[in-house]
Amino acid sequence: MLAAGLTPRLDGTEAAARFDPPPPATPTPRLTTDEPREYFVRLEDYHELPPGCYEPNLICPLEIILHSDGNRRGRDLWLVQITYETLQYLKHSAHFAVDQTRVWQLLPMYRTVVQESHGAQGYNWKAINVEMAGVDFDTPDNYPPEDEIRRTVHLISQLMDFYGLPFQSVVGHYERDERGIKTDPGEKFMADFRKRLRAYRARLSPLKRLLSAEF
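A quick note: this is a predicted structure, and the numbers were derived from the prediction, not measured. (Residues numbered from 1 in each chain as written. Predicted model: local features only at pLDDT ≥ 70, side-chain atom pairs only at ≥ 80, totals over all residues. Heavy atoms only, no water.)

Caption draft 1: Highlighting the overall build of the chain. Looking only at helices and strands, the chain has 4 helices and 7 strands in total. Traced from its N-terminal end to its C-terminal end, the chain shows the element sequence β-β-α-β-β-β-β-α-β-α-α. Going through the 215 residues of the chain one by one, you find that 52% of them count as buried. For the chain, the share of sequence-separated contacts (at least 6 apart) that also reach a separation of at least 24 residues comes to 78%. Just so you have it, the chain exposes about 10300 Å², and 54% of that area is on carbon and sulfur atoms. (Helix = DSSP H or I, 4+ residues; strand = E, 2+ residues; numbered from the N terminus. Buried < 20%, exposed > 50% of the residue type's maximum accessible area, 1.4 Å probe, protein only. Contact = heavy atoms within 4.5 Å. Areas by Shrake-Rupley, 256 points an atom, 1.4 Å probe, with all protein chains shown as cover.)

Given below as structure tokens:
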């Protein structure tokens, strides 16, 4: 991004393994697939990042990492377009950008695999990365708009169902940084987000209620 003079953040590309073992020492990259592309947004909301922003590998997603995009230029610029431009500028990537009015898909995704992003170093080999527009969500004045939270809850629930991911696979970026430098999207916010996600999924069906039980 760095539209409108944004100061680039150093997002999850420096994070290291904390809770899980590292990826295999010699993973076998999967460069192509015969699977058709999957779109989790309307086609007009698909905006693919340039190839230099992501890896050519296709990965099997095992978890979803939630980020905030670090935009300190004011709430009026908490927009998916700005998220996209910042990622492009930094040559970072995420699979989705979310603001209060829309969701953009930024990378190719398929039935069982997705493009490997540059969102959370040490975890990109298995993660879908989702960027919410904004910064410092644990600060009351910076709490995300309700519609942005609602859209993110719906998106992540959809991804959980599509890729067969359990509730505990949804984590905040700060949970994937052993140095404690990364704080996004906020520890308090993440606790509230998990409650909202669990409640949303519990309303969908008895099966969803079982899958989103406490772990």
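After presenting the structure, the write-up continues.
Caption draft 2: Focus on the nonpolar core. Ile64, Phe96, Ile128, Val130, Leu159 and Phe193 are the most contacted members of the largest nonpolar core, which has 34 residues in total. Elements with a contribution of two residues or more to this core: strand 2 (63-68), strand 3 (96-98), strand 6 (127-132), helix 2 (146-163) and helix 3 (187-204). When residues in this core are grouped by element, the largest group, 7 residues, is from helix 2. Ignoring sequence-local partners within four residues, the contact set of Val130 consists of Ile64, Ile65, Leu66, His67, Phe96, Val98, Thr152, Leu155 and Leu159. If you look at the next biggest cluster of nonpolar residues, it comprises 11 residues, including Leu49, Cys53, Val80 and Trp104. (Core = buried A, V, L, I, M, F, W, Y, C linked by side-chain atoms within 4.5 Å.)

Caption draft 3: Fine view of the pattern of salt bridges. Counting across every chain of the model gives 11 salt bridges. A salt bridge links Arg196 to Glu146, with the nearest nitrogen and oxygen atoms 2.6 Å apart. In this pair, Arg196 sits in helix 3 while Glu146 sits in helix 2, placing the two residues 50 residues apart along the sequence. The class for Arg196 is partly exposed, based on a relative accessible area of 27%. Here Glu146 falls in the partly exposed class, since its relative accessible area comes to 46%. (Salt bridge = Lys/Arg side-chain N within 4 Å of Asp/Glu carboxyl O.)

Caption draft 4: The arrangement of the packing of aromatic side chains in detail. Counting across every chain of the model gives 10 aromatic pairs. Taking 6.1 Å as the distance between ring centres and 40° as the angle between the ring planes, the aromatic pair formed by Phe40 and Tyr163 counts as tilted. With Phe40 in the segment before strand 1 (58-59) and Tyr163 in helix 2, the pair connects residues that are 123 residues apart, well separated along the chain. Note on Phe40: relative accessible area 12%, which makes it buried. Note on Tyr163: relative accessible area 11%, which makes it buried. The lysine or arginine in question, Arg111, covers the ring of Phe162, its NZ or CZ lying 4.3 Å from the ring centre. (Phe/Tyr/Trp six-rings, centres within 6.5 Å; stacked < 30°, edge-to-face > 60°. Lys NZ or Arg CZ within 6 Å of the ring centre and 35° of its normal.)

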